[in-house]
Structure formats: structure tokens, C-alpha cells
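Architecture and fold: a report
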Amino acid sequence: HDAGQPVWSTDGATIYFVASDEGSTHLFSVPANGGAPTRVTLGPLQIFSVQGSRATEDLAVIRCGYTDAGTVARLSPPKGAITPLARPNKPFFDTLRLMEPEEFWVDSPEGHRLQCWMIKPPNAGPGKKHPMILNVHGGPRIQYGACIYHEFQMLASAGFYVLLSNPRGAQGYGEDFARASVQDWGGPDYRDLMLVVDEALRRYPEADPDRLGVTGGSYGGYMTNWIIGHNDRFKAAVTQRSVVDLRTLLLGGDFSDDAVPEFGDLLVVCDFSLL
């Protein structure tokens, strides 16, 4: 949620910052006197933290990935090269079998593209049928992507296909994409999620369409509630710390500052007799 503070180069000519970009959180640079930003890092990753130095142009970063919960590293901005220095979780992770997500994209008939990932169970193979769980992220303005999710790895290890995607409303794909669900939760985002499920079942015939589950937390919990209220294709649903009623979210939640731009002025007028 928090991009952290920007970092200045030692000569003061360049500013470095991180930003979401198609499932990753990349390091960017921009001239201090103005100009277009340039992406410094490459590939699927999350630059979690950045610190500068008075003695060198190199930056200290924490780099995360699909199966990496955090590597302390040195980053050279001119080349975007990352040199690992310490990986505190490596001894523990070496005892685990972590599954690398498979990335794919879905073309929507509405003209946009949807980035998705499938995490397969370790015992997946031809001729086997597995249940599949759709996981909906919170926010909605956050994103799934190049970061380890321990709960998804646990579900995969238990034999589930785990489907992730960033429907409209997520960040990392431009302002229009992010604002598409404003004042319309359960509209374009719902259509995107159902399109993603359809495509995942087409791509992965070993995923059993008769054993589908859906889950998510916060806004993802809201969408879980919405999904099972609008179709019956999912055999099980787990709604986590979910938004159930938008009036109580406004009055009792930590979302009040964002309520008007997200839902419109009408939500400000509440009928307390309904509580």
C-alpha cells in the first residue's frame, strides 16, 4: 500500500521511486528537473524497500519474488543489476517445496487484457482432476503478482489449483483500469473475474469445473459475497474480514476517508434507524 519515500542520487540529479507495474513493483528513475520516468528493474519482482547512500550510487533494497519472501540486496541503477547480500528465510525455505506461479493473460471482449496466475499443486499431472480456488485480492486498488503468498502455497500443497488475477479496479495497469470499478463494485470487476475463471478452466482441463471455490479478504471478501449471490457455479466460499454492508463500512470501518470518491456522495447520507 505504501510506496515509501523517494531516494535522491548522490549528485542530486536523479530521483528514484517504486511504483506498481503489471503485477510487479519496480524501481523507476526520473530527472530531478523534470522529464519522463525510466524503469530501472526488469522481470517479475517486488522492490519492497529502497535506501540510498552518501558514498555510492548503489541502492540498498529488499527484493521479493514468487518464491522469495525477502532478499536484502545491492542494486546498481545504471544496469538495474541486483546483487543478493542476505536472504534470512533461505534455510527455512530450502526445506519447503514452493510452486512457481504460471502467468497468463486473458483478452476481454471489452477491449482490455487481464493478467492472471495459476499455482498448481505439487502432484498435478495429466489425467488427474483437482479442485480450483479463485482468490480475489483486497483493495480494490492493490494487485496480485510477484510476491510470495504463503496461504496460496498451502492451498496448492493440499491439492488445489489456485487462481489469481487482477480485475479492473486493481492498480498497475493505468488510471482508467484502476477507476473502472469506482461506484460500481460488482460490475466490471465481477465480469472480469468470471471471464478469468472461464479461461483458466479452458487452459487447465485438469481443474475440475464441478469443484470450484472462491475466497478473498476485505474487498476480496465483498466480491466473494457478491459472486455467490450472483451465480451458483462455486461449491464453496470463504469470505474473510469482508465488507458486507457499505453503510456500516462508512460508519464503522477504516475506509471513511475514501468513501466519497469510491462510492459517491449518496453514501454520506445514512439512515441511522437502519442500524
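Cut-off values and rules
Residues numbered from 1 in each chain as written. Predicted model: local features only at pLDDT ≥ 70, side-chain atom pairs only at ≥ 80, totals over all residues. Heavy atoms only, no water. Helix = DSSP H or I, 4+ residues; strand = E, 2+ residues; numbered from the N terminus. Rg over C-alpha atoms; globule rule 2.2 N^0.38 Å. Buried < 20%, exposed > 50% of the residue type's maximum accessible area, 1.4 Å probe, protein only. Contact = heavy atoms within 4.5 Å. Areas by Shrake-Rupley, 256 points an atom, 1.4 Å probe, with all protein chains shown as cover. Lys, Arg positive; Asp, Glu negative; His and termini not counted. Charge placed at Lys NZ, Arg CZ, Asp CG, Glu CD. Pairing = 2+ DSSP bridges. Axes fitted to C-alpha atoms, helices over the stretch in contact; angles between N-to-C directions. Disulfide = S-S within 2.5 Å. Parallel < 35°, antiparallel > 145°, perpendicular 65-115°, else oblique. Nonpolar A, V, L, I, M, F, W, Y, C, P; charged D, E, K, R; others polar. Salt bridge = Lys/Arg side-chain N within 4 Å of Asp/Glu carboxyl O. Phe/Tyr/Trp six-rings, centres within 6.5 Å; stacked < 30°, edge-to-face > 60°.

**What to know about the overall build of the protein chain**
Helix and strand counts for the protein chain come out as seven helices and 14 strands. Taking 2.2 N^0.38 as the reference for a compact globule, 275 residues should give roughly 19 Å; the C-alpha atoms of the protein chain span a radius of gyration of 21 Å, in line with that estimate. Reported as C-alpha extents along the three principal axes, the dimensions of the protein chain are approximately 60 × 55 × 35 Å. Looking at the protein chain as a whole, 46% of its 275 residues qualify as buried. Considering only intrachain contacts with a sequence separation of at least 6, the fraction spanning at least 24 residues in the protein chain is 54%. Carbon and sulfur atoms make up 53% of the accessible area of the protein chain, which amounts to about 14,300 Å² in all. With 23 positive and 32 negative side-chain charges, the protein chain shows a spacing of 8 Å between the two charge centroids.

**Thoughts on the sheet that holds strand β9 (residues 102–107)**
On the basis of which strands lie adjacent, the open sheet formed by six strands has the order β9-β10-β12-β11-β13-β14 and mixed pairing. Since the sheet does not close on itself, it has two edges, and those belong to β9 and β14 (236–240), each with one partner. Between one strand axis and the next, the sheet turns through 25° on average, direction left out of account. Where strand β11 (residues 130–136) lies against strand β12 (residues 161–165), four bridges are found, and the strand directions are parallel. From the neighbouring strand, I133 faces β12, where its bridge partner is V162. With respect to the sheet, helix α2 (residues 150–157) is in contact with β10 (113–119), β11 and β12, its orientation differing from that of β12 by roughly 150°.

**A word on the state of the cysteines**
By the definition in use, this model includes zero disulfides. C64 carries a free sulfur, and the closest cysteine sulfur to it, the one in C147, is 5.2 Å from it.

**Quick look at the packing of helix α4 (residues 188–203) against helix α5 (residues 219–230)**
In the contact formed by α4 and α5, the axes pass within 11 Å of each other and the chain directions differ by 75°. One finds that α4 runs roughly perpendicular with respect to α5. Where α4 approaches α5, its residues D189, Y190, L193 and M194 are matched on the opposing element by Y219, M223, W226, I227 and H230. Taken together, the residues that form the contact of α4 with α5 break down as seven nonpolar, one polar and one charged.

**Focus on the pattern of salt bridges**
Side-chain pairing between opposite charges can occur once the charged atoms of the two side chains come close. Taken as a whole and judged by the stated rule, the model has 15 salt bridges. For D68, the salt bridge is made with R63, and the minimal N-O distance between the two is 3.8 Å. For R63, a relative accessible area of 25% translates into the label partly exposed. Measuring nitrogen to oxygen at the nearest pair gives 3.1 Å for the salt bridge that ties R211 to D208. Given the relative accessible area of 39%, R211 is considered partly exposed. Ionic contacts of the salt-bridge type, sharing partners, join the residues E110, R168, R191 and D192 into one network.

**Quick look at the packing of aromatic side chains**
Two aromatic rings are characterised by how far apart their centres lie and by the angle between their planes. As enumerated under the stated definition, the model contains 12 aromatic pairs in all. An angle of 80° between the planes, with centres 6.4 Å apart, marks the rings of W105 and Y173 as edge-to-face. A residue pair is termed long-range when its members are at least 10 positions apart, and W105 in strand β9 and Y173 in the loop between β12 and α3 (175–179) qualify at 68 residues. Note on Y173: relative accessible area 17%, which makes it buried.

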